Amino acid sequence: MSFASPVSVVHPKIVAIEKIVGKRVKNALGEDLGEVHHLMVDVPSGSIIFAVLSSGGIMGLGEKLYPVPWQALTEKEDDYLLKIRKETMETAPSFDHNHWPKADDLSWFERVFRFYDYSPPWEIEIK
């Protein structure tokens, strides 16, 4: 007789960052929205918070960087899918290579999450 309860195992998906950076991001219509240029992580938890997409410009000049909540992206074959219209993406919070948001400016990062209709992971719902 066994008294052990069933255990469900969640298999982690461990991927090297260089397998993510450089991947194209498209919307549901197949329109190119940019490529994953950087990943921003929460150091204490080790969780990816944002994928920073680069878009526009020529050879890096005039290029805009768009932080996108990691959970807004879905891996699809060799690309990532972001459910957003291209016109809407162009109005998303962005910055350039020389003016990154300050790491402690939570209001700016919260605005990014709200733009994509997600809650920041550091907000805890109290019931």
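Preceding block: the structure.
Participant: Help me understand the overall build of the protein in this model?
Facilitator: Of regular secondary structure, the protein possesses two helices and six strands. Helices and strands appear in the protein in the N-to-C order β-β-β-β-β-β-α-α. On the principal axes, the C-alpha backbone points of the protein span a range of 70 × 35 × 25 Å. Restricting to contacts in the protein with at least 6 residues of sequence separation, those with at least 24 account for 42%. If you sum the accessible surface of the protein, you get close to 9,100 Å²; carbon and sulfur atoms cover 55% of it. Between the mean site of the 14 positive side-chain charges and the mean site of the 19 negative ones, the protein shows a separation of 3 Å.

Participant: Whenever I open this one, the packing of aromatic side chains confuses me. Can you help?
Facilitator: Here a ring pair, both rings aromatic, is described through the centre-centre distance and the interplanar angle of the planes. Per the stated rule, a full pass over the model turns up eight aromatic pairs. Here phenylalanine 50 and phenylalanine 113 contribute two aromatic rings whose centre-to-centre distance is 5.1 Å and whose plane-to-plane angle is 45°, an arrangement assigned as tilted. One end of the pair, phenylalanine 50, is in strand β3 (residues 47-55); the other, phenylalanine 113, is in helix α2 (residues 106-115), and 63 residues separate them in sequence. What makes phenylalanine 50 buried here is its relative accessible area of 2%. Judged by relative accessible area, which is 0%, phenylalanine 113 ranks as buried.

Participant: Teacher, can you tell me more about the sheet that holds strand β2 (residues 32-42) here?
Facilitator: Within a sheet, each strand pairs with its neighbour through backbone hydrogen bonds, oriented either parallel or antiparallel. Spatially, the six strands line up as an open sheet ordered β4-β3-β2-β1-β6-β5, and their pairing is mixed. Of all strands in the sheet, those bounded by a partner on one side alone are β4 (64-69) and β5 (73-76). Across the sheet, the mean angle from the axis of one strand to that of its neighbour is 40°, orientation sign disregarded.

Participant: Before we go on, may I ask you to explain the pairing of β2 in this structure?
Facilitator: Here is the key point about a regular strand: its side chains alternate between the two faces of the sheet. Where strand β1 (residues 24-26) meets β2, three bridges bridge the pair, whose relative direction is antiparallel. Looking at β2, one finds that valine 25 is bridged to glycine 34. Adjacent in sequence and paired antiparallel, β1 and β2 are bridged by five residues, among which glycine 30 carries a positive phi angle near 85°. Pairing geometry for β2 and β3, over seven bridges, is antiparallel. Within β3, the position partnered with histidine 38 by the bridge is valine 52. Count of turn residues in the β2/β3 antiparallel hairpin: four residues, of which glycine 46 carries a positive phi of about 80°.

Parameters at a glance
- For every chain, the first residue of the written sequence is number 1, and numbering continues from 1 onward in sequence order.
- Given that this is a predicted model, residues contribute local features only at a pLDDT of at least 70 and side-chain atom pairs are listed and counted only at 80 or more, while totals for whole chains, interfaces and linings are drawn from all residues.
- Neither water nor hydrogens contribute to the side-chain values; these are computed over all heavy atoms in the structure.
- Only DSSP runs of H or I with at least four residues qualify as helices, and only runs of E with at least two residues qualify as strands; both kinds are numbered from the N terminus onward.
- Two residues form a contact once any of their heavy atoms are found within 4.5 Å.
- Per-residue and other accessible areas follow the Shrake-Rupley method at a 1.4 Å probe size, with only the shown protein chains counted as cover for residues.
- Note that His is not counted, nor are the chain ends; the positive residues are Lys and Arg, and the negative ones are Asp and Glu.
- Charge placement uses NZ in Lys and CZ in Arg. For Asp and Glu, CG and CD serve respectively.
- Put simply, two rings from Phe, Tyr or Trp (the six-membered ring, in Trp's case) pair if the centres are within 6.5 Å, and we call them stacked under 30 degrees between planes, edge-to-face over 60, tilted for the rest.
- Only protein chains enter the calculation, and the probe is 1.4 Å; a residue is then buried if its accessible area is under 20% of its type maximum, exposed if over 50%, and partly exposed in between.
- Pairing between strands is defined by DSSP: at least two bridges between them are needed.
- Note on definitions: angles span 0 to 180 degrees between N-to-C directions of axes, and those axes are lines fitted to C-alpha atoms, for helices only across the stretch in contact.

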